[in-house]
Amino acid sequence: MTEKANIVVIGTGGTIAGQGKAVINTSAYLCSVLGIDEILRTIPHASELANLRAEQLLQTGSENFNNEHLLAIGRRVSSLLAQDDVDGVVITHGTDTIEETAYFLHLTLKSAKPVVVVGSMRPPSAMSSDAALNLYDAIAVAAHPSSRGIGTLVVANDEIHTARDVVKSNSIKLEAFRSPYGALGHVIEGRPRYYRRPWRAHTLDTPWSIDTLGALPKVDIVYAYGALSPDAVEAIAAHARGLIYVGTGNGNVAEHLIEPLRDAARRGVHVVRASRTGNGIVLRNGAQPDDAYGWLTVEDQIPPKARILLTLALTQTDDMQALQVAFERY
Ligand code: DGL
């Protein structure tokens, strides 16, 4: 029998730490109330998968997470991964922004050890809650050697997703997580099975290290529609170093917003065209002449993750070409 892996489980809140008044409360309940020790006590059999250690880092809904929260989670995970007696880390997290935290870790951790972010759509107190099984599966994934070297993972509903691709795609159903190119694999009865690896660079192969990141530059997101006023775009652009413009279709920009966005670019704000569709790529120099206007495009990334990527890229460069390469590479 091989030795069990040492896994640290970090609690940050969310529905997986939630509690409803009655078992029928699958959707109306208090979030972020159970401590990580209490949650782990609901799955005593997880100790057969790994030696577990728990710590409570935060206790709040992930809708509140800002750049400081991301840095705090990343720094703590990094210091744990640096310890010889830690083989992997599981982070319990609200599902609302799980993909952003996971992607941030995927781009900034400098370790091949498995890191798994997990949440649930129903609190542990609800009928047919997914909390216990998702956490059990996440521990199984973090403890398994096949999970090394493939970046940060999100486990939910029996599936293993790469942090780069996974998106919360449903507000309420158990089957809430989707990756546009499919999951990497799945977990069945405590054993992960993989069928593909992430292609884009991550963790050890990115230029960003959580251990050296300081304050992060401000990047904001503007969600576009035909009636959006130029004032709104100008107000947001006035305080940002980067602006993800979530255009219609293939990143289209309404005629009356072209000049405000060009103005922002002339003033040194990095304007990135993204898409409201949630799928597909925004073609550079397709719907708009990006070269002429000094704009960037997201390639295939969704707006919240494009914000994370541009934020990190701006810690090292203001060069347009280098910034565009980041969207093609990560
Ligand atoms: N407060 C929400 C969050 O922490 C709850 C959503 C969830 O965890 O499913 O993201």
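Residues numbered from 1 in each chain as written. Predicted model: local features only at pLDDT ≥ 70, side-chain atom pairs only at ≥ 80, totals over all residues. Heavy atoms only, no water.

### Overview of the site of the ligand
Phase 1: Looking at the ligand, the residues that line it are Gly14, Thr15, Cys31, Gly61, Ser62, Glu63, Gly94, Thr95, Asp96 and Ser120.
Phase 2: Contact between the ligand and Thr15: an oxygen atom at 2.9 Å from a main-chain N or O atom of the residue.
Phase 3: Computed on the free molecule, the ligand has an accessible area of 280 Å², of which 91% lies beneath the protein chains in the complex.
Phase 4: For the shell around the ligand, the class distribution of residues is one nonpolar, seven polar and two charged. (Near = heavy atom within 4 Å. Polar contact = N/O pair within 3.5 Å; in protein donor to acceptor, adjacent residues only side chain to side chain. Areas by Shrake-Rupley, 256 points an atom, 1.4 Å probe, with all protein chains shown as cover. Nonpolar A, V, L, I, M, F, W, Y, C, P; charged D, E, K, R; others polar.)

### Some thoughts on the side chain of Ser147
Phase 1: Mapped onto the fold, Ser147 is located in the loop between helix 4 (131-143) and strand 5 (152-156).
Phase 2: A distance of 2.6 Å separates a polar side-chain atom of Ser147 from the backbone oxygen of Val141.
Phase 3: The residues touching Ser147, leaving out its near neighbours within four places in the chain, are Pro114, Val141, Leu153 and Tyr194. (Helix = DSSP H or I, 4+ residues; strand = E, 2+ residues; numbered from the N terminus. Contact = heavy atoms within 4.5 Å.)

### Comments concerning the UniProt feature "active site" (unreviewed entry) in the protein chain
Phase 1: As recorded in UniProt, the feature "active site" (unreviewed entry) lies at Thr15 and Thr95. Look at the named residues: they lie 81 residues apart in sequence, but the longest C-alpha span between them is just 7.4 Å, so in the fold they bunch up.
Phase 2: Sequence-distant contacts of Thr15, defined by excluding residues within four places in its chain, comprise Tyr29, Cys31, Gly94, Ser120, Met121, Arg122, Pro123 and Pro124.
Phase 3: Structurally, the position occupied by Thr95 is in the loop between strand 3 (88-92) and helix 3 (98-108).
Phase 4: The residues contacting Thr95, other than those within four sequence positions of it, are Ser62, Gly119, Ser120, Met121, Lys168 and Phe177. (UniProt positions renumbered as here; feature names shortened; annotations may be inferred.)

### What about the nonpolar core?
Phase 1: Core analysis: the largest hydrophobic core is formed by 53 residues, its most contacted members being Val77, Ile91 and Phe104.
Phase 2: Discounting residues that sit within four places of it in the chain, Phe104 has contacts with Leu70, Leu71, Ile210, Leu213, Leu216, Ile308 and Leu312.
Phase 3: Of all hydrophobic cores here, the second largest spans 31 residues; its members include Val9, Ala17, Val90 and Val155. (Core = buried A, V, L, I, M, F, W, Y, C linked by side-chain atoms within 4.5 Å. Buried < 20%, exposed > 50% of the residue type's maximum accessible area, 1.4 Å probe, protein only.)

### Here we look at the side chain of Gln301
Phase 1: Tracing the sequence through the fold places Gln301 in the loop between strand 14 (296-297) and helix 8 (303-313).
Phase 2: Under the relative-accessibility criterion, Gln301 is labelled buried at 8%.
Phase 3: Of the polar contacts made by the side chain of Gln301, one reaches the backbone oxygen of Arg164; its length is 3.5 Å.
Phase 4: Ignoring any residue separated from it by four or fewer positions in sequence, one finds Gln301 in contact with Tyr103, Arg164 and Ala306.

### Regarding the UniProt feature "domain: Asparaginase/glutaminase C-terminal" (unreviewed entry) in the protein chain
Phase 1: Following the UniProt record, one finds the feature "domain: Asparaginase/glutaminase C-terminal" (unreviewed entry) at residues 218-327.
Phase 2: Along residues 218-327 one finds 39% helix and 17% strand; the C-alpha atoms at either end are 18 Å apart.

### Focus: a nonpolar patch on the surface
Phase 1: Taken together, the side chains of Val23, Ile24 and Met127 make up a nonpolar region of the molecular surface, amounting to roughly 310 Å² of accessible area.
Phase 2: Relative to the helices and strands, Val23 resides in the loop between strand 1 (5-11) and helix 1 (36-41).
Phase 3: Classification of Val23 as partly exposed rests on a relative accessible area of 48%. (Patch = residues over 30% accessible without salt bridge, like charges linked within 9 Å, V, L, I, M, F, W, Y side chains within 5 Å. Salt bridge = Lys/Arg side-chain N within 4 Å of Asp/Glu carboxyl O.)

### Describing unusual backbone geometry
Phase 1: In the Ramachandran plot, Ser128 falls in the positive-phi region, its phi being about 50 degrees despite a non-glycine side chain.
Phase 2: Judged by relative accessible area, which is 58%, Ser128 ranks as exposed.

### Here's the deal with the pattern of salt bridges
Phase 1: Summed over all chains, the structure comprises 13 salt bridges.
Phase 2: Note that Asp220 is salt-bridged to Lys218, the shortest N-O span being 3.0 Å.
Phase 3: Put simply, Asp290 and Arg273 hold a salt bridge, and the shortest N to O gap is 2.7 Å. Of this pair, Asp290 sits in helix 7 (residues 290-293) while Arg273 is found in strand 13 (residues 270-275), placing the two residues 17 residues apart along the sequence. Arg273 shares its class with Asp290; the two are buried.
Phase 4: Through salt bridges with shared partners, a single network forms among Glu259, Arg262, Asp263 and Arg266.

### Quick word on the pairing of strand 12 (residues 242-247)
Phase 1: The element strand 12 is largely enclosed, with a buried count of six among its six residues.
Phase 2: Side chains of strand 12 alternate between two faces, with Gly242, Ile244 and Val246 and Leu243, Tyr245 and Gly247 buried alike.
Phase 3: Where strand 11 (residues 219-223) lies against strand 12, five bridges are found, and the strand directions are parallel. The residue bridging Val222 from the neighbouring strand is Tyr245, located in strand 12.
Phase 4: Once the chain exits strand 11 it traverses helix 5 (residues 230-237) before rejoining the sheet at strand 12, and the crossover so formed is right-handed.
Phase 5: Of the strand pairs in this sheet, strand 12 and strand 13 are connected by six bridges, and their pairing is parallel. From the neighbouring strand, Val246 faces strand 13, where its bridge partner is Ala274.
Phase 6: One crossover worth recording links strand 12 to the parallel strand 13 by way of helix 6 (residues 255-266), and it is right-handed. (Pairing = 2+ DSSP bridges. Right-handed = clockwise from strand over helix to strand, strands pointing away.)

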